Amino acid sequence: MTTEEAPDRGAHFVQSLERGLMVVRAFSAERPAMTLSEVARATDLTRAAARRFLLTLVDLGYVRTDGRMFSLTPRVLELGYAYVASAGLPDVAQPHLEDLSARVHESASVSVLEGDDILYVARVATSRIMAVSISVGTRFPASTTSMGRVLLAGYDDAGLDAYLDRVELRPLTRFTVTDTAELRAEILRVRAQGYAIVDQELEEGLRSLAAPIRDDAGRVIAAANVSAHANRSSIEDVRRDLLPALLETTARIEADLASVARRDTAG
């Protein structure tokens, strides 16, 4: 819709916000990077207006540029994560986590990325494994958690590079990966195999398994995990006994999220 065709939306309507969102939405899998002229054509904005919006988005960290080409950064995913966390994921995931926890007799959780941390949005606890209490709203560094590595594996290569360039890897236990190259290799392994196992890197005595939750387009929007005591579950036990149940759970969550999305669209 061109500016001339836009209806009168009342005194409350902020047209500059609409145009800024048009610029964000202009990028897609088919058009991941564009020049200023291409953005202007895609949004029906003048070059001057498109340039202002693009440079503002660059300043805010939502767009990157090499001086000629513009592309979105992973930070735009925070907008989607905020929606998912507030508008459906917890309600959809909770009963599935309860079923999973009852099947495997371990604690289960769902989280999303918020900045460089994971944010818990749903949880069922069977016993106190960690020294700190975990509840909805708890945050941990993405680098040292199974759910964090699954979410980081959802970044494209440029997004992962940007994350690894800025993150400070602190040793939380004697097992914590603090070498950037080693962490990159582990995240790429997680991307390839479709799940993450973290062995006592967040807290000694804790092993955690996580798998991605994807939207209809295949984008990783959240992660689910189960945790176990290291003294009663080996790495192979975790992979053999917990992984199939976890993957079944994430598949069911994805199916329910897709159903809710279709219902909302139809409504």
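Thresholds applied
Residues numbered from 1 in each chain as written. Predicted model: local features only at pLDDT ≥ 70, side-chain atom pairs only at ≥ 80, totals over all residues. Heavy atoms only, no water. Pairing = 2+ DSSP bridges. Helix = DSSP H or I, 4+ residues; strand = E, 2+ residues; numbered from the N terminus. Axes fitted to C-alpha atoms, helices over the stretch in contact; angles between N-to-C directions. Contact = heavy atoms within 4.5 Å. Salt bridge = Lys/Arg side-chain N within 4 Å of Asp/Glu carboxyl O. Buried < 20%, exposed > 50% of the residue type's maximum accessible area, 1.4 Å probe, protein only. Core = buried A, V, L, I, M, F, W, Y, C linked by side-chain atoms within 4.5 Å. pLDDT = per-residue confidence, 0-100. Patch = residues over 30% accessible without salt bridge, like charges linked within 9 Å, V, L, I, M, F, W, Y side chains within 5 Å. Areas by Shrake-Rupley, 256 points an atom, 1.4 Å probe, with all protein chains shown as cover. Phe/Tyr/Trp six-rings, centres within 6.5 Å; stacked < 30°, edge-to-face > 60°.

**A look at the sheet that holds strand β5 (residues 117–124)**
Strand order across the open sheet formed by 6 strands is β6-β5-β4-β9-β8-β7, with antiparallel pairing between neighbours. For this open sheet the edge positions go to β6 (139–141) and β7 (196–199), each flanked by a neighbour on one side alone. Going from strand to strand, the sheet's axes swing by 30 degrees on average, the running direction of each strand aside. The strands that helix α6 (residues 146–153) touches are β4 (107–114), β5, β7, β8 (206–214) and β9 (220–229); relative to β9, the one it contacts most, it runs at about 155 degrees.

**Description of the pattern of salt bridges**
Counting across every chain of the model gives 17 salt bridges. When the shortest N-O distance is used, the salt bridge between Arg-103 and Glu-248 registers 3.0 Å. With Arg-103 in helix α5 (residues 89–104) and Glu-248 in helix α9 (residues 235–266), this pair connects stretches of sequence that are 145 residues apart. Residue class for Glu-248 comes out partly exposed when judged on its relative accessible area of 34%. A salt bridge links Asp-241 to Arg-240, with the nearest nitrogen and oxygen atoms 2.9 Å apart. A residue is classified by how much of its surface remains accessible, and Asp-241, at 44% relative accessible area, is partly exposed. Here the residues in one salt-bridge network are Arg-103, Glu-248 and Arg-252, joined through shared partners.

**What to know about the nonpolar core**
One finds Leu-89, Val-110, Leu-209, Ile-213 and Ile-253 to be the most contacted residues of the largest nonpolar core, which totals 30 residues. With 7 residues, α9 is the single largest residue contributor to this core. Excluding its chain neighbours within four sequence positions, the residues that come into contact with Leu-209 are Ser-146, Tyr-195, Ala-196, Ile-197, Ala-224, Asn-225, Val-226, Val-238, Leu-242, Leu-243 and Leu-246. With 27 residues, the next largest nonpolar core counts Ile-118, Ile-134, Ala-196 and Ala-210 among its residues.

**Regarding the environment of Ala-192**
Following the sequence through the fold, Ala-192 ends up in helix α8 (residues 180–193). Note on Ala-192: relative accessible area 71%, which makes it exposed. Each C-alpha atom of the pair Ala-192 and Ala-153 lies 8.7 Å from the other, and the pair is 39 residues apart in sequence.

**Let's talk about the sheet that holds strand β3 (residues 69–72)**
Overall, antiparallel pairing links the 3 strands, which are arranged β1-β3-β2 in an open sheet. The open sheet terminates on both sides in strands that have one partner only, identified here as β1 (33–35) and β2 (63–65). Averaged over all pairs of adjacent strands, the angle between their axes in this sheet comes to 30 degrees, without regard to strand direction. With 3 bridges connecting them, β1 and β3 associate as antiparallel partners.

**Considering unusual backbone geometry**
Positioned with a positive phi, Asp-44 is a non-glycine residue whose angle comes to about 60 degrees. Asp-44 gets classed as partly exposed once you look at its relative accessible area, which sits at 43%. Here His-105, not a glycine, exhibits a phi torsion of approximately 60 degrees, which is positive. You can see His-105 is positioned in the loop between α5 and β4.

**A look at the confidence of the model for the protein chain**
Mean pLDDT over the protein chain: 84, with 86% of residues reaching 70 or higher. Across residues 1–7, where pLDDT falls below 50, the model places 7 contacts with residues more than four positions away in sequence or in other chains.

**So, a nonpolar patch on the surface**
A surface patch of nonpolar side chains, about 270 Å² in accessible area, is lined by Val-14, Leu-17 and Leu-21. As for its placement among the helices and strands, Leu-21 is situated in helix α1 (residues 15–26). By relative accessible area, which is 40% here, Leu-21 ends up partly exposed.

**Quick word on the packing of aromatic side chains**
Counted by the stated rule, this structure contains 1 aromatic pair. Centroid distance Tyr-120 to Phe-140: 6.0 Å. Interplanar angle 80 degrees. Geometry classified as edge-to-face. Of the two residues, Tyr-120 sits in strand β5 while Phe-140 sits in strand β6, which places them 20 residues apart along the sequence. Look at Tyr-120 and you get buried, because its relative accessible area is 5%. Given a relative accessible area of 12%, Phe-140 falls into the buried group.

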